[in-house]
Each structure stands twice: as C-alpha cells, then as structure tokens.
Amino acid sequence: MRVVIAADHGGYTLKNAVVAHLRAAGHEVVDLGTHDGASCDYPPLAHDVAGRVVRGEADRGVLVCGTGQGMAIAANKVPGVRAAVVADTFSAEMAAAHNDARILCLGER
C-alpha cells in the first residue's frame, strides 16, 4: 500500500514512529514533513496529503498534529476527501469501512 503522511510540529514525533512502523510492515511511505520539530502551519500539509489521496497518488493518508482535529478539518476541505480523527483500531476500521475515510488523523498530545 502507498501511504502519504505529514505532521506539524505537534505531531512530529508520532509521525516518525508511524513512518517507521509502516515501512517495517512493507508499505511504501511518502513523508511530506515536517522534518524537524520547529513550529509550522498544518493546513498546507493537510491539503497536500488530501490532494495526493484524491488524485490517486496514494492509497491512504495519515495526518498528525497535537489533537488530530486541525488536520482533519483542513483535509476535509479538499473536495472528495474523507478524513477521520481516530484513537482506537475499531474506530479506524469503521471509519474506513463505513465512511470511506482514506485519511487517518491522529493526535500526538
């Protein structure tokens, strides 16, 4: 599976852990940043991930910020996207299966 991922400074550490986990599981991962813990704006990152998923450049997307909420709001502004904030595997499975969410939003904090 090809996964595109991004995080702001509030999700930088968790993003790196998710990237390592996905790669270890054999997935192709495109890491759009941020690539350090410096403060940055999340909307451009969310729009980039969402656009790539909608255009079919990735099967799934992952966005990480402090709560996941900001990333989800920004990503869902892109026509055709369904991004969901989840905190457990059941919610993640149901969001994908029943709501066609292809972007997972996580909160690091």
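Residues numbered from 1 in each chain as written. Predicted model: local features only at pLDDT ≥ 70, side-chain atom pairs only at ≥ 80, totals over all residues. Heavy atoms only, no water.

### Concerning the overall build of the protein chain
For clarity, the cut-off: The way it works is that DSSP assigns letters per residue, a run of H or I at least four long becomes a helix, a run of E at least two long becomes a strand, and they are numbered from the N terminus. Only the C-alpha atoms count toward the radius of gyration. The rule for a globule is 2.2 Å times the residue count to the power 0.38. Note on classification: 1.4 Å probe, protein chains only; a residue is buried when its accessible area is under 20% of the maximum for its type, exposed when over 50%, partly exposed between these limits. The criterion used for residue contact is that any of the two residues' heavy atoms lie within 4.5 Å. Surface exposure here means Shrake-Rupley accessible area, sampled with a 1.4 Å probe, where a residue is shielded only by the protein chains that are shown. We treat Lys and Arg as the positive residues and Asp and Glu as the negative residues; His and chain ends play no part in the count. Charge positions are represented by NZ for Lys, CZ for Arg, CG for Asp and CD for Glu.
Within the protein chain one finds four helices and five strands. Scanning the protein chain from its N terminus toward the C terminus, one meets helices and strands in the order β-α-β-α-β-α-β-α-β. For 109 residues, the compact-globule estimate of 2.2 N^0.38 gives 13 Å, and the C-alpha radius of gyration of the protein chain, at 12 Å, lies within 12% of that figure. A principal-axis box enclosing the C-alpha atoms of the protein chain has dimensions of 35 × 30 × 25 Å. Expressed as a percentage of its 109 residues, the buried residues of the protein chain come to 42%. Long-range contacts, defined as pairs at least 24 residues apart, comprise 65% of the intrachain contacts of the protein chain with a sequence gap of at least 6. For the protein chain, the accessible area works out to roughly 5700 Å², and carbon and sulfur atoms hold 52% of it. Positive and negative side-chain charges of the protein chain, numbering 10 and 12 respectively, have mean locations separated by a distance of 4 Å.

### Here we look at the layout of surface pockets
As a reminder of what qualifies: Both site types are read off a 1 Å grid over the protein atoms alone. A 1.4 Å probe that fits but cannot get out defines a cavity, while an open set with protein on both sides within 12 Å along at least five of seven lines defines a pocket; lining residues have an atom within 4 Å of a point. Grid points are joined across faces, edges and corners, and a volume is the space filled by probe spheres set on the points. Each residue is assigned to one class: nonpolar for Ala, Val, Leu, Ile, Met, Phe, Trp, Tyr, Cys and Pro, charged for Asp, Glu, Lys and Arg, and polar for all the others, Gly among them.
Its boundaries defined by the atoms lining it, the largest pocket holds a volume of some 360 Å³. Lining the largest pocket are 19 residues, with Arg-60, Gly-61, Val-62, Ala-92 and Leu-104 positioned closest to its centre. Looking at the lining of the largest pocket, the elements that each hand over two or more residues are α1 (12-24), β3 (60-65), α4 (89-99) and β5 (103-107). In terms of residue count, the dominant contributor to the lining of the largest pocket is α4 (four residues). Along the lines of polarity and charge, the residues of the lining of the largest pocket split into 13 nonpolar, three polar and three charged.

### Quick word on the state of the cysteines
The cut-off we apply is this: Put simply, a disulfide is two cysteine sulfurs that come within 2.5 Å.
Using the criterion set out here, one finds zero disulfides in the structure. With no disulfide of its own, Cys-40 lies 10 Å from the sulfur of Cys-65, the closest cysteine sulfur. Looking at Cys-65, it has no disulfide partner, and the nearest cysteine sulfur is the one in Cys-105, 7.4 Å off. Cys-65 sits in the buried class, given a relative accessible area of 4%.

### Observations concerning the sheet that holds β5
To keep it simple, the criterion reads: DSSP-based pairing: two strands are paired if at least 2 bridges between them are found. For helices, the fitted axis covers only the stretch in contact; all axes are lines through C-alpha atoms, and the angles between them, taken along N-to-C directions, range from 0 to 180 degrees.
Strand order across the open sheet formed by five strands is β2-β1-β3-β5-β4, with parallel pairing between neighbours. Across the chains shown, the open sheet's two edge strands, defined by having one partner strand only, are β2 (28-31) and β4 (83-85). Between one strand axis and the next, the sheet turns through 25° on average, direction left out of account. As paired elements, β4 and β5 share three bridges and run parallel to each other. If you follow Ala-84 over to β5, its bridge partner there is Leu-104.

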